[in-house]
Number of protein chains: 2
Amino acid sequence: MRNENATIYDIASDAGVSIATVSRVLRGETNVSPATREKVQAAIDRHNYRPSSIARGMISKSTHSLGIVLPKLLNPHYAMIFSGAHEEARKMGYSMSLFPWSSIDTRAYDPATMLVERRLDGVIVCVEYLSPDHDEQVLLSLRELKRFMPVVLIGCVPPWYDFPAVSDNNAAMMRQIVAYLVSLGHEKIAFIGGVQEDKDPLRRDVGYMEGLRDARLPYTASYRVYGKGTATAGEMALGNMLDALKPEYWPTAVIALNDLVAMGCQAEARRRGLVMPDQLSIVGCDDLFCAPYLCPPLTSINTHQQRTGARAVQLLISGEEKKETVEWEMIERGSCARIK
Amino acid sequence: MRNENATIYDIASDAGVSIATVSRVLRGETNVSPATREKVQAAIDRHNYRPSSIARGMISKSTHSLGIVLPKLLNPHYAMIFSGAHEEARKMGYSMSLFPWSSIDTRAYDPATMLVERRLDGVIVCVEYLSPDHDEQVLLSLRELKRFMPVVLIGCVPPWYDFPAVSDNNAAMMRQIVAYLVSLGHEKIAFIGGVQEDKDPLRRDVGYMEGLRDARLPYTASYRVYGKGTATAGEMALGNMLDALKPEYWPTAVIALNDLVAMGCQAEARRRGLVMPDQLSIVGCDDLFCAPYLCPPLTSINTHQQRTGARAVQLLISGEEKKETVEWEMIERGSCARIK
DNA sequence: AGTTATAATGAAAGCGCTATCATAAGTGAA
DNA sequence: TTCACTTATGATAGCGCTTTCATTATAACT
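What counts, and at which threshold
Residues numbered from 1 in each chain as written. Chains lettered and ligands numbered in written order. Predicted model: local features only at pLDDT ≥ 70, side-chain atom pairs only at ≥ 80, totals over all residues. Heavy atoms only, no water. Salt bridge = Lys/Arg side-chain N within 4 Å of Asp/Glu carboxyl O. Helix = DSSP H or I, 4+ residues; strand = E, 2+ residues; numbered from the N terminus. Buried < 20%, exposed > 50% of the residue type's maximum accessible area, 1.4 Å probe, protein only. Pairing = 2+ DSSP bridges. Right-handed = clockwise from strand over helix to strand, strands pointing away. Near = heavy atom within 4 Å. Polar contact = N/O pair within 3.5 Å; in protein donor to acceptor, adjacent residues only side chain to side chain. Nonpolar A, V, L, I, M, F, W, Y, C, P; charged D, E, K, R; others polar. Patch = residues over 30% accessible without salt bridge, like charges linked within 9 Å, V, L, I, M, F, W, Y side chains within 5 Å. Areas by Shrake-Rupley, 256 points an atom, 1.4 Å probe, with all protein chains shown as cover. Least-squares fit on C-alpha atoms with pLDDT ≥ 70 in both. Contact = heavy atoms within 4.5 Å. Arc of directions from axis to C-beta.

Let's shift gears to the pattern of salt bridges. All names here are of chain B. Summed over all chains, the structure comprises 34 salt bridges over all chains. Taking the shortest distance from any N to any O, the salt bridge between D162 and R143 comes out at 3.3 Å. With a gap of 19 residues between them, D162 in the loop between β4 (151–155) and β5 (165–168) and R143 in helix α8 (residues 132–146) connect regions that are remote in the sequence. Of the charged contacts in the structure, one is a salt bridge between E320 and K322, with a shortest N-O distance of 3.2 Å.

All names here are of chain A. For strand β3 (residues 122–127), a buried count of six out of six residues is recorded, marking the element as mostly surrounded by other parts of the structure. One ladder, built from four bridges, connects strand β1 (residues 65–70) with β3; its direction is parallel. Bridge pairing in β3 links L66 to G122. Bridge count for β3 against strand β4 (residues 151–155) is five bridges, and the pairing is parallel. Counted as the bridge partner of C126 is I154 from β4. In the classification by handedness, the crossover that spans β3, the intervening helix α8 (residues 132–146) and the parallel β4 is right-handed.

What follows deals with the protein's contact with DNA strand C. Near DNA strand C you find 28 residues, and of these T36 and K61 of chain A together with I8, S23 and R56 of chain B are the closest. Considering the 4 Å shell around the protein, atoms of DNA strand C inside it are sugar or phosphate in 66% of instances. Contact distances for DNA strand C include 2.8 Å between a phosphate oxygen and a backbone N or O atom of S18 of chain A. Within the side chain of Y49 of chain B, a nitrogen or oxygen atom sits 2.7 Å from a phosphate oxygen of DNA strand C. Among the elements that take part in the surface near DNA strand C, helix α4 (residues 53–60) of chain B stands out by supplying four residues, more than any other. Here the residues of the surface near DNA strand C sort into 15 nonpolar, eight polar and five charged.

Moving on to a nonpolar patch on the surface. A cluster of nonpolar side chains, namely M58 and I59 of chain A together with M58 and I59 of chain B, defines an oily patch on the protein surface of about 430 Å² accessible area. Looking at the nonpolar patch, the elements with two or more residues in it are α4 (53–60) of chain A together with α4 of chain B. Locating M58 of chain A in the fold gives a position in helix α4.

Turning to the relation of the copies chain B and chain A, a few remarks are in order. Turning chain B through 180° and shifting it by 0.0 Å along the axis lays it on chain A, with an RMSD of 0.1 Å. Between the two chains, the operation in question is that of a two-fold axis. Closest to the rotation axis within chain B is the C-alpha of S97 of chain B, separated from it by 2.0 Å. Residue by residue, 98% of the interface of chain B is reproduced at the interface of chain A, so both copies engage with the same surface.

Let us now look at the protein's contact with DNA strand D. In the region of DNA strand D, 30 residues are neighbours, and I8, S23 and R56 of chain A together with T36 and K61 of chain B sit closest. When the atoms of DNA strand D within 4 Å of the protein are sorted by group, sugar and phosphate make up 65%. The separation between a phosphate oxygen of DNA strand D and a polar side-chain atom of T36 of chain B is 2.4 Å. Mapped onto the surface near DNA strand D, the elements with two or more residues apiece are α1 (8–15), α2 (19–26) and α4 of chain A together with α2 (19–26) and α4 of chain B. Tallied by class, residues from the surface near DNA strand D come to 15 nonpolar, nine polar and six charged.

So, on to unusual backbone geometry. Residue P296 of chain A is bonded to the preceding C295 of chain A through a cis peptide linkage, with omega at -10°. The topology assignment puts P296 of chain A in the loop between β9 (281–283) and β10 (300–302). Within the chain, N48 of chain B stands out as a residue other than glycine whose phi angle is a positive 60°. Note that N48 of chain B resides in the loop between α3 (34–47) and α4.

Okay, helix α1 (residues 8–15) of chain B next. A turn of α-helix holds 3.6 residues, and therefore any two residues three or four places apart point the same way. Residues and elements named next belong to chain B. Every buried residue of α1 is listed here: I8, I11, A12 and A15. Buried residues along α1 cover an arc of 100° about the axis, so they all sit on one side. Exposed side of α1, more than 90 degrees from the buried face: Y9 and S13 are the residues found there. If you follow the buried residues of α1, they end up packed against α2 and α3. Once α1 finishes, G16 follows within two positions and takes phi at roughly 70°, a positive value.

In structure tokens form, the structure reads like this:
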């Protein structure tokens, strides 16, 4: 029933030529007589023959397949990156396999073993900061991985990571958002970030601080809180912030680390009966597909994540060892109101 | 700089043994003397050696990698399936690559070539009905693909598809929703489906019709409309339906094909100033992560898509040739109101 | 006709492993 | 001491391709 895959020998003997000739036809070499070519092609068609990329890979030392490592496919942010990367890879003739984050950061079984054993031609790693320990571990694993195959990073990559990378210009994005909110008359602007990290100057909270400075607004410690970057974390973070402040000090605008956090903030604000956007403006980041369907529709930053993924694949394949940032675009939707 | 991958010969000569012995150590065979084993292991560690799964695959005829074909990773529905499938595959020691839908339904370049050339151990295909022509084409391609490797389908698989498959029990789900809405007093219940298809008795619109019959409600043709299954399509579908009806005939409840469509319906209803859920109840399906954050929070059906993906992998690996349906669960969230 | 360049093909090595078979060394019973 | 039997190891043949090199057959020159 199943087609026991034909081999080049089957084709050769069927066509009455040597395997070398079949190979020439397969690879489109020109020095084959038309008559022979035709015979061989006929045999190929008859058997539905497809050369094994496995066997080819043994010789060429290239599997024409890439890997992508990311924390969580269910987060649409990563799905978008994957989607863009995958499409670009396909265009370049590569396939792409997904690997769980644990293939990098676990010492339980030698990290990266899965990736290395499969002899991928390269791997894209979406990094995520979780803790100083974790960060150190990840950097070690990445360095080790890099000894085996090209690695390109995506995400918030600190300057001291010696890897080619494609990142968002986080600081600039945040500064733009702060400026935008200031232009609407906001002065009490809060920031709900992800895991706190203090050394990396490229992170979003740094941009938030810079934005405040640009606008000569005072920095209020209780306006800057951290969470895990999820919707639930956003709810809790905003809840705790408001609980800790007298209502007259409540921020009039919240900048959320990403749209998930923003969604959580909306939920929490609604629970407290705050009218949005009048009593609370919220800005997200990532521009998830659901942003236009939230209440109010969420103003967000389109970070062109598919383009990010695609660009990472280009760097990976070309071997360029550089760090790049991608353009972004603020999408106004109405979750921010002018302060009267 | 880069580690030119060590081979089994490097290890053998470094450890002063034959490659056969190294291979025995690698595969954990017992008939190796402890002293030798130790020597070999030391050499392996010294070189950071990882056996090539490519070379292994040449012999074992198994790549230990699976494929998944789906229309659109950006649709969280498919991301959830992929996520579940991927995790299960990893547990079983397989890697998983994503392939675009075009690898199945294009005749431009021989379909499935990418899949076959890579000698995958099996592939999961998420099918989507688009048109009769497309459907026929897909079935042909799938049959051809099956000659080369095990195939398991996910999605709305018609009875005449002779493939192992994991599907939702669409009809039963829809009947449950209709019954639920009826129990809230609704009588004018609309259904916004995906692409219309008339032969397959397992589709959601059939369940909707059955649900009406269960409740002895009349079927109103203008309450059943079709679209493309996206949020935008949902907006348009509901808009057209309401435009075509006098307000006194407007449905009091809408069953959406999925949460995306439901999101679109909410947007359209809001645009028309309909108060939800009082003037319009909406039920979705798929229970996307954003469902709880919509306004009102969307009542939906959790179709356990990760479990679906995982189960498909199990069927693929075990080779069981059966069709299965997965359990589901209605999640009430408040987008449906009782009719006074 | 004789020599040389050119085109078309085949034979065979090798990619990095596994698996089979052969060989060598060690053990205990007759 | 010899024989059968186990245990540890090596030599080697593939797996399905690509690639190099050698070998023809054919055309193009003196």
